[in-house]
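Each chain, letter by letter, is given below.
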Amino acid sequence: DFEIERWKGFAELETRYLAALAKRGKADRIVAMKSVIADPPQLEGIEKIVIAYVLDPIPAMKQLLAKLQAKSEVEVVELVPQLLTLNSQLSTSQIFPCATAAGEAEKVAEIFAAVKPDEALPALCVADAEEFPEIQGALQAKGLKVHDPSRTPLVTSSLGHLVEQVSALVRTRSYNVFSAFIRGGDVRRWLCAELKISSEEYVDALNKLDNAQAKLLPEKIDDIGPKTSGKLRAIFEHVDVTLRKKGLRQILQSVFREHVLDERDPDAREFAAAAETVNDLIDECFAPNLPNFPNLPNLPMELFERRLKESSYSLEPDEGDVILTDGWLELPFLDADELIATGFNEGRVPESVVGHAFLPDRLRRGLGLADNESRAKRDREILRLAVQCRAEGAVRVSFRAIDAKGDVLKPSRLLFDCADDAELVARVKRFYGVRAGTEEAKAADLPEKWRLRLEIPPDRKPLEFTSPSSLDLYLRCPFTYCLKKTFGEKEDDRAEELDPSEFGNL
């Protein structure tokens with residue numbers, strides 16, 4: 001009953017949303033897509049559409065192509081590569097189980113460090129993004145440079161922080177934002193150049209500002225600006241005029257007019273990447289053809305601030321001998337002769353979405369959307385392609401037993417595709433023979449006469465029922481299990497060193 005009411009609420013909200021769009025002469029993107037699929041347009045001059053090995057086509061695309069093929073003379077051709085080799089599965093020797101991300105990163109670093117200078121580097125696929133910092137550190141320890149493909153939130157950069165301050169000043173004229181704004185290095189250099197004041201005079205003006213702020217306790221710029229004098233008054237007036245008369249892009253151009261970028265400097269390259277993202281955001285949110293709402297004059301700036309918090313940027317790799325990293329879905333496009341894939345754990349490969357609040361897996365399957373089953377099929381095909389188009393043994397994968405939080409991870413189900421049962425047994429023993437949580441070698445065997453003769457399970461009383469936690473305890477340490485379950489010992493004597501009384505009690 002709760003689910004029924006919830007979905008009725010969604011339906012009512014959707015109806016109101018579509019009505020509001022229709023009132024403004026617009027249509028919802030999904031509704032527009034459905035109308036095009038129901039009655040696709042005639043494609044003049046197109047005789048054939050080629051689908052070149054798309055592993056996970058969008059269901060809407062498949063429906064549209066089927067309608068086009070039935071409605072017109074357009075021919076739809078799907079290309080699947082005919083691979084000549086029969087080597088479609090990984091061998092057990094190509095899979096490297098590791099205990100932790102650190103151990104997995106060390107394994108990757110050893111492989112890359114062993115490559116000779118005149119040989120091509122393998123391609124590196126990081127299926128689990130959480131592992132990248134460990135891999136980056138291990139490679140740098142070997143003297144190897146690696147490119148970080150992840151995207152950086154724009155607001156965490158120095159430019160993004162400054163842009164956030166400018167947009168907040170334009171919209172709210174907050175004194176606290178103004179105080180932080182004029183203390184930034186870039187703004188300080190800009191104001192000193194514009195007003196022709198020295199660094200000492202600027203510092204003196206900031207000291208006067210702090211004294212005035214302690215007396216007036218302003219909330220807005222206008223609460224304190226007119227009550228200042230000298231260089232401080234000039235700073236207030238220049239910032240105020242700039243905010244009132246210039247647009248966001250013009251303000252930033254003024255601040256960074258003298259900023260010189262050197263492409264060899266990583267900080268300069270990061271600034272350029274962030275600036276390009278900011279430029280695109282300004283084009284998007286302040287476009288001249290956007291609708292005008294008289295009752296919402298600050299809507300473009302509010303939209304810009306929201307998009308600013310959501311945006312991110314990425315850096316292009318350095319030139320030279322840099323190891324490029326790719327994600328799992330980029331693997332079919334890598335042309336290297338050798339391939340190393342890390343993070344091959346269940347939930348990462350294949351990716352699984354469990355417990356989605358709005359679209360459970362069963363509902364996604366019913367609606368023809370991508371679900372866990374289709375993702376598994378896609379990822380199995382990606383792995384098959386990667387193995388078949390390379391020489392035997394050229395693809396190596398690794399996974400880890402626990403994550404950074406100490407939670408146990410499972411090997412990917414794709415790694416259990418074997419030729420026969422004997423290889424499956426050997427593979428399972430290899431996968432689960434790793435000591436989870438440590439990279440230490442196994443302890444040396446103690447003398448046989450020291451070995452405890454523990455019952456399996458202890459037969460003090462018939463064992464008719466056991467809980468999963470008890471079974472887990474026995475698998476972890478049969479001796480502790482024997483103490484607790486057979487002799488009823490309640491104490492936890494796993495201290496590093498026992499004091500005399502604890503030893504005596506034990």
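Below is a short write-up of the structure. (Residues numbered from 1 in each chain as written. Predicted model: local features only at pLDDT ≥ 70, side-chain atom pairs only at ≥ 80, totals over all residues. Heavy atoms only, no water.)

### Structural notes on the side chain of His147
By secondary structure assignment, the location of His147 is in the loop between β5 (145-146) and β6 (152-153). Of the polar contacts made by the side chain of His147, one reaches the backbone oxygen of Leu315; its length is 2.6 Å. When neighbours within four sequence positions are excluded, His147 is seen to be in contact with Phe132, Leu315, Glu316, Pro317, Val322, Ile323, Leu324 and Thr325. (Helix = DSSP H or I, 4+ residues; strand = E, 2+ residues; numbered from the N terminus. Polar contact = N/O pair within 3.5 Å; in protein donor to acceptor, adjacent residues only side chain to side chain. Contact = heavy atoms within 4.5 Å.)

### Notes on the pairing of strand β10 (residues 339-342)
Residues Leu339 and Ala341 of β10 are buried on one face, and the alternating residues Ile340 and Thr342, pointing to the opposite face, are buried as well. Note: strand β4 (residues 123-126) against β10, four bridges, orientation parallel. Within the sheet, the bridge partner assigned to Val126 lies in β10 and is Thr342. When β10 meets strand β11 (residues 395-400), the two strands line up parallel, connected through three bridges. (Buried < 20%, exposed > 50% of the residue type's maximum accessible area, 1.4 Å probe, protein only. Pairing = 2+ DSSP bridges.)

### Structural notes on the sheet that holds β4
In spatial order, the strands read β3-β11-β10-β4-β9; together these five strands make up an open sheet with parallel pairing. Either end of the sheet is taken by a strand with one partner, and the two such strands are β3 (95-98) and β9 (325-326). The sheet strands contacting helix α5 (residues 132-141) are β4, β9 and β10, and the helix crosses β4 at an angle near 150°. Strands β3 and β11 of the sheet are contacted by helix α16 (residues 421-431), whose axis makes an angle of about 35° with β3. (Axes fitted to C-alpha atoms, helices over the stretch in contact; angles between N-to-C directions.)

### A short note on unusual backbone geometry
Of the consecutive residues Val349 and Pro350, the connecting peptide bond is found in the cis state with omega at -5°. Its place among the elements puts Pro350 in the loop between β10 and α14 (361-366). Phi angles above zero are rare outside glycine, and Arg173 is one such case at about 55°. Unusually for a residue other than glycine, Leu217 sits at a positive phi of about 50°. Position of Leu217 among the secondary structure elements: in the loop between α9 (199-216) and α10 (230-245). The exposure class of Leu217 is exposed, given its relative accessible area of 62%.

### So, the environment of Asp186
With respect to the element layout, Asp186 can be found in helix α8 (residues 185-195). Considering only alpha carbons, one finds Asp186 and Ala404, 218 residues apart in sequence, at a separation of 38 Å. Excluding anything up to four places from it in sequence, Asp186 contacts Val255 and Phe256.

### Remarks on the pattern of salt bridges
All told, the structure shown has 24 salt bridges when counted by the stated rule. Across the salt bridge formed by Arg171 and Glu305, the nearest N and O atoms sit 2.9 Å from each other. Pair noted here: Arg171 is in helix α6 (residues 158-172) and Glu305 is in helix α13 (residues 299-310), with a separation of 134 residues, a long-range link. The network of salt bridges with common partners includes Asp128, Glu130, Glu131, Arg348 and Arg400. (Salt bridge = Lys/Arg side-chain N within 4 Å of Asp/Glu carboxyl O.)

### Side note on the packing of α6 against α13
The geometry of α6 relative to α13 is characterised by a closest axis approach of 10 Å and an angle of 160° between their N-to-C directions. On the basis of the axis angle, α6 is roughly antiparallel to α13. The chirality of how α6 crosses α13 is left-handed. Between α6 and α13, the residues in contact are Gly160, Val163, Glu164, Ser167, Ala168, Val170 and Arg171 and Met301, Glu302, Phe304, Glu305, Leu308 and Lys309, respectively. Considered class by class, the residues forming the contact of α6 with α13 number six nonpolar, two polar and five charged. (Parallel < 35°, antiparallel > 145°, perpendicular 65-115°, else oblique. Left-handed = near helix turned anticlockwise from the far one by under 90°. Nonpolar A, V, L, I, M, F, W, Y, C, P; charged D, E, K, R; others polar.)

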